[in-house]
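# An overview of the molecular structure
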Amino acid sequence: MTHSVAVVTAGLSEPSSTSLLGDRLTSAVREAFGGDVSIVTIPLRPLAHEITNALLNGFAAAELQSAYDAVAAADTLIAVTPTFNASYSGLFKSFFDALPADVLVDKPVLIAATGGTERHSLVLEHALRPMFSYLGALVVPTGVYAASSDWGSGAALGERIARAARQLAKLVVAAPAGPSADPFADVVPFEELLRG
Amino acid sequence: MQFGIFTVGDVTPDPTTGREPTEHERIQAMVAIARKAEEVGLDVFATGEHHNPPFVPSSPTTMLGYIAAQTSRLILSTSTTLITTNDPVKIAEDFAMLQHLAEGRVDVMMGRGNTGPVYPWFGQDIRQGIPLAIENYALLRRLWREDIVDWEGQFRTPLQGFTSTPRPLDGVPPFVWHGSIRSPEIAEQAAYYGDGFFANHIFWPKEHTQRMVELYRRRYEHYGHGPASHAIVGLGGQVFMRKNSQDAVNEFRPYFDNAPVYGHGPSLEEFSAQTPLTVGSPQQVIDRTLSFREYVGDYQRQLFLMDHAGLPLKTVLEQLDLLGSEVVPVLRREFDALRAPGVPDAPTHASLVAARSEVSA
């Protein structure tokens, strides 16, 4: 069975260490699924204006809507942000602020972040994990934080990436996301609404 | 088919001059706009209801009663009446009174309101918006249809032996529209009762309107009120016109760029492509408006938003002249030619009285 994976990366430069980490995680997840995956990569920089407009107007323009549709349709999500001011970037947060409600409920999510130094590694635990928990996602226990120094030292980062990917694959297999409910197709009959 | 205007009643500084009208000027401007609507041959004037600045229309039936006295043909309506935070008893009384004063030229559009603090100011909770809309409207219907009501619900103090006065004119309550942007429960509510459904339509991509209207039509038929294609649908629209379309764009752009709700976001061009906003020549407005029918089917009421974002009264009156002389006569003719046989008009007081006599005869 082919598993679909959406990869959201919020790096601002191109290339960025954030998109590089996204690529590494994607490869590891592909391997964890035995290669049978379809990947949709969603870099946020090209969507920055549409994300702002969606916050201001309450609806997503076409490209942003297809990104949201891709996230909704995917079996799982990999979300990678740079660390800004000890938290996720504003663009990363805004993308999820404008995401339609309930899209991430019961969806396995792998969280990851990049940063200049190791000292911000807990950004995963104090910023990303609570946000995705609030959104109802099944957040993989292992998050992946990559500081600049990790790109030039030993195998630790690669091992952590592999462990996170294995855990994600287990979650996806154990808790496959069902089709999301369509309130327009399955409307609640009015007699039921009247009973309150 | 009915054509008209709906107003939010915002007090917004004119971004080209910085001048902000007083509340008094804005209220008088709304009355002038309503009178102009009748003068140029439109059918409907609808006012919003708000309970916070920068909006003035907190008391719609007071305003509509005054306009009723100054007009003779115009249907007076709302966009919307807050079924969540108003006491349904007061809505029943106010609109029945308005019916008598306006000789039946009244209908009403129910809406929930999306301003968080208004709910607690009126003793309610926005998280109960849908249940409030459902219970309050169920009571309102009974108050208009039954002379003596015993009632008990979740949200309002119970009623024993209550008679809402005055009774509706000729025993026929005002026709009701339900307005919603994207809550399927409200389309379901409109369908259940066989009431009208109004899609705000503006400020949003047409897909929202399309799927709400589809649901409403499907469920209207399900509840046995008639075929889906005969359900009563109204749409909003938003236009700014000049003879020369580039003049319209140039003149409207500063109002667009600084407008409450959508300003400082996408460009006028993007927003015009994404939503029903049409800025251009009268012919462009005609073409765009005719295209609405392609995704909602034959519909009964088209209201335009003409007077927001700080546009001066003089400009709004010029817009209404263009709407009445160059746009609406063509739309009436074209929609009449396109409409499938058998599609009913929107109910009016006269048609509801006639329908009731048929039933009792």
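Further up the page is the structure itself.
Residues numbered from 1 in each chain as written. Chains lettered and ligands numbered in written order. Predicted model: local features only at pLDDT ≥ 70, side-chain atom pairs only at ≥ 80, totals over all residues. Heavy atoms only, no water.

### Quick look at the overall build of chain A
What counts is decided by this rule: The helix count covers DSSP runs of H or I at least four residues long, the strand count covers runs of E at least two residues long, and both are numbered beginning at the N terminus. Only C-alpha atoms enter the radius of gyration, while the globule expectation follows 2.2 Å times N to the 0.38, with N the number of residues. Burial status follows relative accessibility: with a 1.4 Å probe on protein chains alone, a residue under 20% of its type maximum counts as buried, one over 50% as exposed, and anything between as partly exposed. Working rule for contacts: check all heavy atoms of both residues, and any pair within 4.5 Å makes them a contact. Each accessible area is a Shrake-Rupley result for a 1.4 Å probe, and residues are judged covered by the shown protein chains and nothing else. A residue counts as positive if it is Lys or Arg and as negative if it is Asp or Glu; His and the chain ends are not included. In this description, the location of a charge corresponds to atom NZ of lysine, CZ of arginine, CG of aspartate or CD of glutamate.
Assigned secondary structure in chain A consists of 7 helices and 7 strands. Secondary structure elements of chain A, listed N to C terminal, follow the sequence β-α-β-α-α-β-β-α-β-α-β-β-α-α. Relative to its length of 196 residues, chain A is compact, with a C-alpha radius of gyration of 17 Å against a globular reference of 16 Å. A principal-axis box enclosing the C-alpha atoms of chain A has dimensions of 65 × 40 × 30 Å. Out of the 196 residues in chain A, the part that is buried amounts to 48%. Of all intrachain contacts in chain A linking residues separated by at least 6 positions in sequence, the fraction that spans at least 24 positions is 79%. Split by element, the accessible area of chain A, about 9,300 Å² in all, is 55% carbon and sulfur. Charge-centre separation for chain A: the mean point of 12 positive side chains lies 10 Å from the mean point of 19 negative side chains.

### Comments concerning the interface of chain A and chain B
Keep this limit in mind: Salt bridges, as used here, are contacts in which a Lys or Arg side-chain nitrogen is within 4 Å of a carboxyl oxygen on Asp or Glu. Identification of polar contacts relies on pairs of N or O atoms within 3.5 Å, with a donor-acceptor requirement for protein atoms, meaning one able to donate a hydrogen and the other able to accept it, and with residues adjacent in sequence counted only if both atoms are side-chain atoms. As a working rule, the residues Ala, Val, Leu, Ile, Met, Phe, Trp, Tyr, Cys and Pro are called nonpolar, Asp, Glu, Lys and Arg charged, and the rest polar, with Gly in that last group.
Opposite the 16 residues of chain A that make contact, chain B presents 28 residues. Our count for the chain A to chain B interface comes out at 0 salt bridges. Between chain A and chain B we count 3 residue pairs in polar contact (both at pLDDT 80 or more) in total. Going through the elements one at a time, helix 2 (48-57) and helix 7 (190-194) of chain A are the ones with two or more residues in the side of chain A that touches chain B. If you tally residues by element for the side of chain A that touches chain B, the top one is helix 7 of chain A, at 4 residues. Taken together, the residues of the side of chain A that touches chain B sort by class into 12 nonpolar, 3 polar and 1 charged.

### A closer look at the side chain of T85 of chain B
All names here are of chain B. Within the fold, T85 resides in the loop between strand 4 (81-82) and helix 3 (88-101). Among the residues examined, T85 registers a relative accessible area of 7% and is labelled buried. Apart from residues lying up to four places away in sequence, T85 is in contact with V118, Y119, F122 and Q124.

### Notes on the packing of aromatic side chains
Aromatic rings considered in pairs are described by the distance between their centres and by the relative angle of their planes. Formally: Planes of paired rings set the category: under 30 degrees apart is stacked, over 60 is edge-to-face and the rest tilted, where pairs are Phe, Tyr or Trp rings (Trp by its six-membered ring) whose centres lie within 6.5 Å.
The tally for this structure, following the rule as stated, stands at 25 aromatic pairs over all chains. Both rings, one in F190 of chain A and one in Y193 of chain B, keep their centres 5.4 Å apart while their planes meet at 75°; by these two values the pair is edge-to-face. Of this pair, F190 of chain A sits in helix 7 while Y193 of chain B sits in helix 6 (residues 184-193), on two different chains. Across the pair, exposure class does not vary: F190 of chain A and Y193 of chain B are buried alike. On the numbers, 5.5 Å between centres and 35° between planes, the contact of F197 of chain B with Y216 of chain B is tilted. Of the two residues, F197 of chain B sits in strand 9 (residues 196-199) while Y216 of chain B sits in helix 7 (residues 206-222), which places them 19 residues apart along the sequence. This pair shows no difference in class: F197 of chain B is buried, exactly as Y216 of chain B is. Linked through ring pairs, F59 of chain A together with F203, W204, F256, Y262 and F271 of chain B together constitute an aromatic cluster.

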